[in-house]
Amino acid sequence: GAVVSQHPSWVICKSGTSVKIECRSLDFQATTMFWYRQFPKQSLMLMATSNEGSKATYEQGVEKDKFLINHASLTLSTLTVTSAHPEDSSFYICSASAVNLNTGELFFGEGSRLTVL
Amino acid sequence: RKEVEQDPGPFNVPEGATVAFNCTYSNSASQSFFWYRQDCRKEPKLLMSVYSSGNEDGRFTAQLNRASQYISLLIRDSKLSDSATYLCVVNAVAGTASKLTFGTGTRLQVTL
């Protein structure tokens, strides 16, 4: 069964609105969660690393004021796309890790497909 | 140069065929390597890790060549259900930070 739950799966919003996506780890505590974005026929691009109780670390080129990340507990991280625009339409996927990444197995959420009109 | 490069495909093969995918990575500090599978509009799932000595899991064989910074995945006796995108994933560790970098993926379509 799924060990990481992501919600919502689909969201359509108007340009200028904000959208919040939740990522929950089930059955384990995730000290670190990752947020990725994937455009059609492209690879997953890491947006930011979310650490419980501290500020997220953003990848180069990702606007932290536009993509707000909150990791308030060991089982929940949220990504808020603020003032969304059509170019923000993408597949957003979170993943969670409880152990050293050398194990390789990141558990991914089911993804959230955002369409901004 | 991309950190992780893969041929995007698609590779169209008949059922029962053997198919191989290659992947190259640019960061020589990369320490661990993986193949993930991603079905259309779904999240990626770990297929197998790649070990220096090469490893096999049923019909799947993964190999690593550190000198050439090259990883491969071989699928024998392809099944229709193998149709998916295969992502090459590399983990580079710097200090206490680990970062997984994904290739763009190679799309496989197995046909009757």
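Our structure's up above, just so we're on the same page.
Now for a look at the structure at hand. The shown structure was predicted, so the numbers you read here are calculated from the model rather than taken from an experiment. (Residues numbered from 1 in each chain as written. Chains lettered and ligands numbered in written order. Predicted model: local features only at pLDDT ≥ 70, side-chain atom pairs only at ≥ 80, totals over all residues. Heavy atoms only, no water.)

## Some details on the nonpolar core
Counting residues in each nonpolar core, the largest one holds 24 residues, and the members touching the most others are Trp35(A), Phe67(A), Leu79(A), Tyr92(A) and Leu114(A). Mapped onto this core, the elements with two or more residues apiece are strand E2 (10-13), strand E3 (19-25), strand E4 (32-38), strand E5 (45-51), strand E7 (67-73), strand E8 (76-81), strand E9 (90-97) and strand E11 (112-116) of chain A. Residues within four places of Phe67(A) in sequence aside, it is in contact with Arg37(A), Met47(A), Tyr58(A), Val62(A), Leu79(A), Thr80(A), Val81(A), Asp88(A) and Tyr92(A). Counting residues in each nonpolar core, the second largest holds 23 residues, with Val19(B), Cys23(B), Phe33(B) and Ile75(B) among its members. (Core = buried A, V, L, I, M, F, W, Y, C linked by side-chain atoms within 4.5 Å. Buried < 20%, exposed > 50% of the residue type's maximum accessible area, 1.4 Å probe, protein only. Helix = DSSP H or I, 4+ residues; strand = E, 2+ residues; numbered from the N terminus. Contact = heavy atoms within 4.5 Å.)

## A few points about the sheet that holds strand E1 (residues 4-6) of chain B
All names here are of chain B. Taken in spatial order, the five strands of this open sheet run E1-E3-E8-E7-E6, and their pairing is antiparallel. Edge positions in the sheet fall to E1 and strand E6 (55-57), since each of these pairs with one other strand and no more. Taken over all neighbouring pairs, the strand axes of this sheet differ in orientation by 20° on average, direction set aside. Bridging between strand E3 (residues 19-25) and strand E8 (residues 70-75) involves six bridges; their strand directions are antiparallel. Opposite Asn-22, over in E8, you have Ser-72 as the bridge partner. (Pairing = 2+ DSSP bridges. Axes fitted to C-alpha atoms, helices over the stretch in contact; angles between N-to-C directions.)

Interpretation note: all reported values are geometric properties and have no functional meaning in isolation.
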